[in-house]
Amino acid sequence: MHCSHLLHQLQFCARRQTPSHGKKLHAHILKSGLYQCGPLPNTLLDMYGKCGLIKDALQVFDEMPHRDPVSWATLLTAHNQAKLPHRTLSVFPNMFTLDGLQPDHFVLASLVKACASLGATKLGKQVHARFIISPFCDDDVVKSSLVDMYAKCGLLDSASLVFESIYQKSSVSLTAMISGYARSGLKSEAVELLRGMSEKNLFSWTALISGLVQSGHWVDGFHLFIEMRRKGVDIVDPFSLSSIVGASANLAALELGKQVHCLVLALGYESSLFVSNALVDMYAKCSDVLAAKRIFDTMCQRDIVSWTSIIVGMAQHGRAEEALSLYDKMILAGLKPNEVTFVGLIYACSHVGLVSKGRYLFKSMVEDYGLSPSLQHYTCLLDLYSRSGHLEEAENLLKAMPFKPDEAAWAALLSACKRHGNTQMGIRVANHLLRLEPEDPSTYILLSNAYAGAAMWENVSRVRKRITVMEFKKEPGYSCVDLGKESMVFCAGESFDPMKDEIFGLLKELDAEMKKRGYVPDISSVLHDMEQHEKERQLFWHSERLAVAYGLLKAVPGTVIRVVKNLRVCGDCHTVLKHICSIVKREIIVRDATRFHHFKDGRCSCCDFW
DNA sequence: CTAGGGTTAG
């Protein structure tokens, strides 16, 4: 075989990622003595790198007779490709110490890319400085990678400065800049750049859509996705689809999510790991956790994200046993859990009060898997101790943990003190909390109730003064009920809805039946200072009740009522919904700001902890 | 012969 023919064969293997054929070629090259032939060693190195065989790549590199800057660039790219950016940066200095070579623009671009994926701002700036004083300082490819690096590090000003210096703005540099703007939430800047592109491609559209979705502009992401479809852009890879599935998950819009799922099937991407992982998460977040499980079960390959998604989904829906048994299956399948998996697991334990299991998992995370717990892990564990009445252990953990506990952590303990009747600790915790100058109005309700319980009236009035200020800051509550073809949003308070009278009538009727069953309104969560009956009136018009009533009036009989609320469900509404589900014999699912509530047969999946 | 941009879980 000829040298140039072998070269083409190797390049083909690299593109197709078929290392088995590549290895045969390698053997052939060694046998035929063509190893010294021009670019063959570098191409061989590149083939192993592109096929993800970093060890073989390193071996070829070490045994190379002559190494030139191309060899080094190829080796560094191989490390980037293998997701070892740290190694890229640590191997680089050997280029002069071993071979006395200076980096060229190919090497510089690889270094910048490594800095970008590590978020290494300081090193990135050093590489930038090297680039400026190098003979390649006009190279647009390196500049594109610098734009991307600065954008990923959150330094948008630096990114756009480099971007402006690019003479011929290629679609790659434009895409890097669009992605940077979109991810930082600079919507109009990102959209304008795309609009100005003469040849928009799938990459640039995807950069914009996924960036908007990542920065929380889910509806805008959808509009642009629809526009991209209308423009007839061929969706030849799964990237934009996984983003848009994620957008439906965050919008908690089940019907929309189902439509996106249909599109995924129509375009033939159901076997893409990224897409099916996103679908599992979407169904769980859209309150249909059984559909999430069905997707999970039918996946032909599963990675740690798939397992974690379903574990977290089960945990959020109060299905702790299923979450924990899925974890056992995951370990049997040979997967290694990560930080996110443990958040889901400890969260699952706190739902059902599995204290020793939670404590064991926390320990196992550190000792068996070498992971370091974050504030979130401590908060979950704290929540578990508090809810289950292990107040001393909770307070000790709060003091001993290596993070400064935040408002939510203290508030969780305070509400547990109230629930378990520990007034003394309650006061201690309340004093800590008050010094933090809380931001959340519901924290003040907790504080006020704690001080009132201990008859500390001076403190009560101090807290109530702050509440008056808070009232203006409080985000208005709203709930959305999903009826399949339509959905309806309700705000708290008396509405001007055309169905108002019917909704009022139904709620009044249900109220009478509930009172017969022993329901007494719990007004302790009403912020405003007013008379008892006025407070009860306020509760009566909470948005989740209006949404549920509307659902009962309009939804197909026997179907599940699905409601999404922006704030947390208050204690009284929680009691009311438990009554309603058993009176009307319907399942009601409410997704609130923190978790899911499945109301069925007079009970809730959250076990009344939320 | 070698380099740059877009996807999933808390």
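Residues numbered from 1 in each chain as written. Chains lettered and ligands numbered in written order. Predicted model: local features only at pLDDT ≥ 70, side-chain atom pairs only at ≥ 80, totals over all residues. Heavy atoms only, no water.

Looking at an unreviewed UniProt entry, chain A carries the name Pentatricopeptide repeat-containing protein, with the source organism given as Actinidia chinensis var. chinensis. Note on chain A: under the UniProt heading Sequence similarities (unreviewed entry), the record states "Belongs to the PPR family. PCMP-H subfamily." (UniProt positions renumbered as here; feature names shortened; annotations may be inferred.)

S.K.: How would you sum up the layout of surface pockets? Please name residues and give values.
M.R.: Approximately 1,800 Å³ is the volume found for the second largest pocket. Along its surface, the second largest pocket is lined by 46 residues, and K113, D148, K152, F203 and F239 are the ones closest to its centre. Among the elements of the structure, α5 (69–81), α8 (105–118), α10 (140–152), α12 (171–183), α14 (202–214) and α16 (239–251) are those that each provide at least two residues to the lining of the second largest pocket. Its residues assigned to classes, the lining of the second largest pocket comprises 16 nonpolar, 21 polar and 9 charged. (1 Å grid on protein atoms, 1.4 Å probe; cavity = no way out; pocket = protein on both sides within 12 Å on 5 of 7 lines; lining within 4 Å. Points joined across faces, edges and corners; volume = space filled by probe spheres on them. Helix = DSSP H or I, 4+ residues; strand = E, 2+ residues; numbered from the N terminus. Nonpolar A, V, L, I, M, F, W, Y, C, P; charged D, E, K, R; others polar.)

S.K.: Run through the UniProt feature "repeat: PPR" (unreviewed entry) in chain A, naming residues and quoting values.
M.R.: Under the UniProt annotation, the feature "repeat: PPR" (unreviewed entry) is placed at residues 170–200, 201–235 and 303–337. A distance of 10 Å separates the end C-alpha atoms of residues 201–235, which is 74% helix and 0% strand. Measuring from the first to the last C-alpha atom of residues 303–337 gives 10 Å, for a span that is 74% helix and 0% strand.

S.K.: So what's going on with the protein's contact with DNA strand B? Which residues, and what values?
M.R.: Neighbouring residues of DNA strand B: 51 residues in total, closest Q214, D237, N277, K285 and N338. Taking K113, its side chain carries an N or O atom lying 2.9 Å from a phosphate oxygen of DNA strand B. One of the side-chain nitrogen or oxygen atoms of N338 is found 2.6 Å away from a base nitrogen of DNA strand B. With 6 residues, the top contributor of residues to the surface near DNA strand B is α14. Its residues assigned to classes, the surface near DNA strand B comprises 17 nonpolar, 24 polar and 10 charged. (Near = heavy atom within 4 Å. Polar contact = N/O pair within 3.5 Å; in protein donor to acceptor, adjacent residues only side chain to side chain.)

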